[in-house]
Amino acid sequence: MSTSIDVRTVVSRHSPRLSGDDDVILSVGNGGFAAGVDRTGTQTFCGPGSSETRVNTLAEWGWHTMPDPPAAPWESLPRPYDSPRGRALHMDLEEGTENPGPTAAWFRENPHKLSLLRFALSDPARGASPRPEEITDADQQLDLWTGTVRSTFRYRGTRCTVSTTSDPTLDALALRIDAPGLELVLDFPYGSRGWDLAADWTRPSDHSTSTQGNRIRRQVDDLEYDVLVHGARPMPADGQTVRLEPDPGRGALDVVLELLPRASRAAPPAATARGRLPEPTGPAVRERAARFWAEHWETTGVLDLGAADDPRAEEIERRAVLSRYLQRVHAAGELPPAETGLLANSWHGKFHLEMHWWHAAHFALWGDAPSLRRSLSFYATALPVAQETARRQGCRGARWPKQIGPDLRESPSDIGPFLLWQQPHPIHLAELVRRADPASGADPMLQELVEQTALCLQDLLRPDGKRLGLGPPLIGAQERHVPERRHLRDPAFELAYTAWALRVADGWRHRRGARDAGELTAIAERIHSPLGADGRLTTFRAGPAMNRSDHPSHLLAHGMVPPTGTIPDEAAGAALEDALADWDWDSTWGWDCPALAMTAARLRRPQDAVDALLLPTVKNRCDRAGHFPQRPGLPAYLPANGGTLVALALMAAGWDDGPDSPGLPARWGARHERILPLPAR
């Protein structure tokens, strides 16, 4: 492995450059706050009357709850299921999400993320924003090394330039606008019940916007926040619109918009304690951002495939660089992110804990463990609620939900409450943090998180003669057997993952000198092998025939999950070949291709790993900004980006005491720095 990689060259050769014909949204942000921009570098082509959902200004504290109360309390929703532990209560929807009923619908929809403002160009002579067809000769580039989007275009023949930058730590945007004949206006929406909408522009009378000096004060029911305007004077206009007048004596508008939460019932604990900009000027924000991003790239992991004479290598490197940028912008805050990050809403902006590993595991592997550690604090906040969920299901410890918001209420569903594969994630994530920073193994919060998670995993196991199994009730990660949830048992991936996680948790017990060290390993050794009676690796150890659509989750048992000794390489290889030969790949999701690549890398099959990572499926397309659109309403999918980075860490750095670059062709001459190997077992 070389130690002479020119990091700036690797990063900068993938800075996206767009023309007016590219239907791609670039974004800036800091992990807990982000804004998307259209080809003007602003948010001109969204807002009232627009169907554009990808252009928002979102913060992880910006949650809104509708003022109308639910028809019944959340506590009325759990339903009883028979389990090996007796009666267990699950947040079920027997009729499915299409007909949830008014109470369940209210708790699925609330709270939801709200787009906090729209910053748009307007022509004061017309009293309206430019139309898309009036913007010509558009040229836009995101400079990955400085975190700034630079946009040039012509409006009615006049050349205009805009630069857009986010502060690296605080919730602020710097906008420098040289656009003769245009001004900047701010618009403010109401919250939306829409599954993928972060703004409702049809209810201007249901919220308030006022100005006090350079401060814009916002009241949206339970959400209260301010926008401080530096470098311009906010002037009230019609409805929920504020015009910005440049400070006298200045040429181009150089304004900073600083967002500060005042109150929100759904905000994370630290949100209202955020600091203020030390120097609230555009040049200062741009300088801070440039310094942050240069340091970020120079001190974290890098993969250089520039020596390869293969276009696939260039594409893989592009996906790696852009995924690292997008994850740091959209998924590095105090809360687990939504699957669309801070670009747009999906599932009302709530987060899915079975996806948290895919969002965040890569941070520890690519030299940015603090970004993973930040979001793990959420589990400490949610621990009492997770312990109560475990108690309702007859377990000790903490039972982690699938879908949840900052209010810590599990969302009702006919799928989520029965998933098991999010349960080992906190152990896995804590272990990756410890491997990156050994001192964190003594962190009491992480120790408690691992222990409480392991206790529940242990109690979820079902006695089955001398062996132990899982379920019922349950739904496997494949999510293709929902009507059978009362009877399903022993999905192969979950068996392997549970056994591995219990062994890891036992290691935490040993390191802190616990008296019961060794007990979890003994339990793990009793768990059923994931293989069926015929020695094959399929979705279930025994049970329904394999459904060849959605996630090929059984492959995770020997890829994402390190080899546990229960799945021979021959069985894993046969399962991989079987899936590649016959699967409905267009029904899969963005993280499935990285999952295949992990299995291939564990088997030291670099050609299969590369082919899997670039499998030409409808949900594995990576746009010019680095996003993986999945379907209408899902214009981005961060688990695909995070999964790509984990897969590439395994393909490049391998595992403990293993070969270097086991998942990349030797002829590519791959070089990498500061990427950690994954666990070998």
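Residues numbered from 1 in each chain as written. Predicted model: local features only at pLDDT ≥ 70, side-chain atom pairs only at ≥ 80, totals over all residues. Heavy atoms only, no water.

Draft legend 1. Representation of the nonpolar core in the model. Of all hydrophobic cores here, the largest spans 131 residues; its most connected members are Trp357, Trp358 and Met651. By residue number, the principal contributor to this core is helix H9 (residues 492-511), which donates 12 residues. Beyond its immediate sequence surroundings of up to four residues, Trp358 is in contact with Gln327, Trp421, Leu556, Met560, Trp591, Ala595, Met598, Leu638, Pro639, Gly642 and Gly643. (Core = buried A, V, L, I, M, F, W, Y, C linked by side-chain atoms within 4.5 Å. Buried < 20%, exposed > 50% of the residue type's maximum accessible area, 1.4 Å probe, protein only. Helix = DSSP H or I, 4+ residues; strand = E, 2+ residues; numbered from the N terminus. Contact = heavy atoms within 4.5 Å.)

Draft legend 2. Looking closely at the sheet that holds strand E19 (residues 241-246). Spatially, E9-E14-E19-E18 is the arrangement adopted by the 4 strands of the open sheet, whose pairing is antiparallel. Every other strand in the sheet has two partners, leaving strand E9 (118-122) and strand E18 (232-236) as the edge strands with one partner each. Across the sheet, the mean angle separating the axes of adjacent strands is 35° when strand polarity is ignored. In this structure, E9 lies alongside strand E14 (residues 183-187), joined through 5 bridges in antiparallel fashion. Residue Ala120 lies in a different strand from E14, and its bridge partner there is Val185. (Pairing = 2+ DSSP bridges. Axes fitted to C-alpha atoms, helices over the stretch in contact; angles between N-to-C directions.)

Draft legend 3. Main features of the pattern of salt bridges. Scanning the model with the defined rule gives 55 salt bridges in all. Linking Glu354 and Lys402 is a salt bridge whose minimum nitrogen-to-oxygen distance equals 2.6 Å. Placement of the pair is Glu354 in the loop between strand E22 (351-352) and helix H5 (356-365) and Lys402 in the loop between helix H6 (369-392) and strand E23 (403-404), with a sequence separation of 48 residues. Like Glu354, the residue Lys402 is buried in the burial classification. (Salt bridge = Lys/Arg side-chain N within 4 Å of Asp/Glu carboxyl O.)

Draft legend 4. Local environment of the packing of H6 against helix H8 (residues 444-460). Following both chains from N to C, one finds H6 and H8 inclined at 40°, their axes separated by 10 Å at the closest point. Classified by the interaxial angle, the pair formed by H6 and H8 is oblique. Taken as a pair, H6 and H8 cross one another with a handedness that is left-handed. Contact with H6, carried on its side by Arg373, Leu376, Ser377, Tyr379, Ala380, Leu383, Gln387 and Ala390, involves Met445, Leu446, Glu448, Leu449, Gln452 and Cys456 of H8 and no other residues of that element. For the contact of H6 with H8, a count of residues per class yields 9 nonpolar, 3 polar and 2 charged. (Parallel < 35°, antiparallel > 145°, perpendicular 65-115°, else oblique. Left-handed = near helix turned anticlockwise from the far one by under 90°. Nonpolar A, V, L, I, M, F, W, Y, C, P; charged D, E, K, R; others polar.)

Draft legend 5. Just the packing of aromatic side chains, in detail. Inspection of every chain in the model, using the stated rule, returns 19 aromatic pairs. Ring geometry for Trp421 and Trp591: centres 5.3 Å apart, planes at 40°, overall tilted. Taken together, the residues span a long stretch of sequence, with Trp421 in the loop between E23 and helix H7 (425-436) and Trp591 in the loop between helix H11 (569-581) and helix H12 (592-602) at a distance of 170 residues. We note that Trp421, like Trp591, is buried. Put simply, the rings of Trp357, Trp358, Trp421, Phe493, Tyr497, Trp500 and Trp591 touch in pairs and so form one group of aromatic residues. Over the aromatic face of Tyr81 sits the side chain of Arg486, whose NZ or CZ is 3.8 Å from the ring centroid. Sitting above the plane of the Trp589 ring, Lys619 keeps its charged end 4.1 Å from the centroid. (Phe/Tyr/Trp six-rings, centres within 6.5 Å; stacked < 30°, edge-to-face > 60°. Lys NZ or Arg CZ within 6 Å of the ring centre and 35° of its normal.)

Draft legend 6. Molecular detail of helix H2 (residues 102-109). Judged by how many residues are buried, H2 sits mostly within the fold: 7 of 8 residues are covered. Those residues of H2 that fall on the buried side of the exposure criterion are Thr103, Ala104, Ala105, Trp106, Phe107, Arg108 and Glu109. Looking at the buried positions of H2, the neighbouring elements they touch are strand E8 (112-113).

Draft legend 7. How the structure looks around the pairing of E18. Here E18 pairs with E19 via 5 bridges, running antiparallel. Within E19, the position partnered with Pro236 by the bridge is Val242.

Draft legend 8. The arrangement of the sheet that holds strand E3 (residues 33-37) in detail. Reading across the sheet, the 3 strands line up as E2-E3-E4 and stay open at both edges, with antiparallel pairing between neighbours. Two strands bound the open sheet, and with one partner strand each, they are strand E2 (26-29) and strand E4 (57-59). Strand-to-strand twist in this sheet, taken as the mean axis angle between neighbours without regard to direction, amounts to 20°. Note that E2 and E3 share 4 bridges and pair antiparallel. Paired with Ser27 across the bridge in E3 is Gly36.

Draft legend 9. Structural detail: the environment of Val433. As for its position among the elements, Val433 is in helix H7. When the C-alpha atoms of Val433 and Glu98 are compared, they prove to be 39 Å apart, with 335 residues separating the residues in sequence. Excluding its chain neighbours within four sequence positions, the residues that come into contact with Val433 are Ala364, Leu372, Arg373, Leu376, Ser440 and Leu446.

Draft legend 10. Here's a closer look at unusual backbone geometry. For the bond running from Asn110 to Pro111, omega is -15°, close enough to zero to count as cis. Along the polypeptide, Pro111 turns up in the loop between H2 and E8. In this structure, Ser661 is a non-glycine residue whose phi angle is positive, near 50°. With respect to the secondary-structure elements, Ser661 resides in the loop between helix H14 (638-653) and strand E26 (671-673). Even without being a glycine, Arg674 presents a positive backbone phi close to 60°.

Draft legend 11. Seen up close, the packing of H8 against H9. The N-to-C vectors of H8 and H9 enclose an angle of 140°; their axes lie 10 Å apart at closest approach. In terms of axis orientation, H8 runs oblique to H9. Judged by the twist between their axes, the crossing of H8 over H9 is left-handed. Where H8 approaches H9, its residues Leu446, Gln447, Val450, Glu451, Ala454, Leu455, Leu457 and Gln458 are matched on the opposing element by Thr498, Ala501, Leu502, Ala505, Trp508 and Arg509. The residue inventory of the contact of H8 with H9, partitioned by class, reads 9 nonpolar, 3 polar and 2 charged.

Draft legend 12. The layout of surface pockets, seen in detail. Taken as a whole, the largest pocket spans an internal volume of roughly 690 Å³. Together, 30 residues line the largest pocket, and Trp347, Lys402, Ile415, Glu479 and Arg631 are the ones closest to its centre. For the lining of the largest pocket, the per-class residue count stands at 11 nonpolar, 8 polar and 11 charged. Volume-wise, the second largest pocket comes out at about 340 Å³. Residue lining of the second largest pocket: 17 residues in total, with Ser122, Gly127, Ala128, Ser129 and Asp187 positioned closest to the centre. Of all elements in the fold, only E9, E14 and E19 reach the threshold of two or more residues within the lining of the second largest pocket. Looking at the lining of the second largest pocket element by element, the count peaks at 3 residues for E14. (1 Å grid on protein atoms, 1.4 Å probe; cavity = no way out; pocket = protein on both sides within 12 Å on 5 of 7 lines; lining within 4 Å. Points joined across faces, edges and corners; volume = space filled by probe spheres on them.)

Draft legend 13. Spatial organisation of the side chain of His362. Note on placement: His362 falls in helix H5. Looking at His362, the relative accessible area reads 2%, which means it is buried. Leaving out residues up to four positions away in the same chain, His362 has contacts with Gln327, Gly642, Leu645 and Val646.

Draft legend 14. Examining H6 more closely. Between its terminal C-alpha atoms H6 stretches 34 Å, which fits the 34 Å expected from 24 residues at 1.5 Å a residue. At Ala382, H6 shows its strongest bend, of approximately 55°, with the proline Pro384 following within four residues. Once H6 ends, the next one or two residues include Gly394, with phi positive near 75°. (Expected span 1.5 Å × (residues − 1). Bend = angle between axes of the 7 residues up to and from the residue.)

Keep in mind that these numbers describe shape and distance, not what the molecule does.
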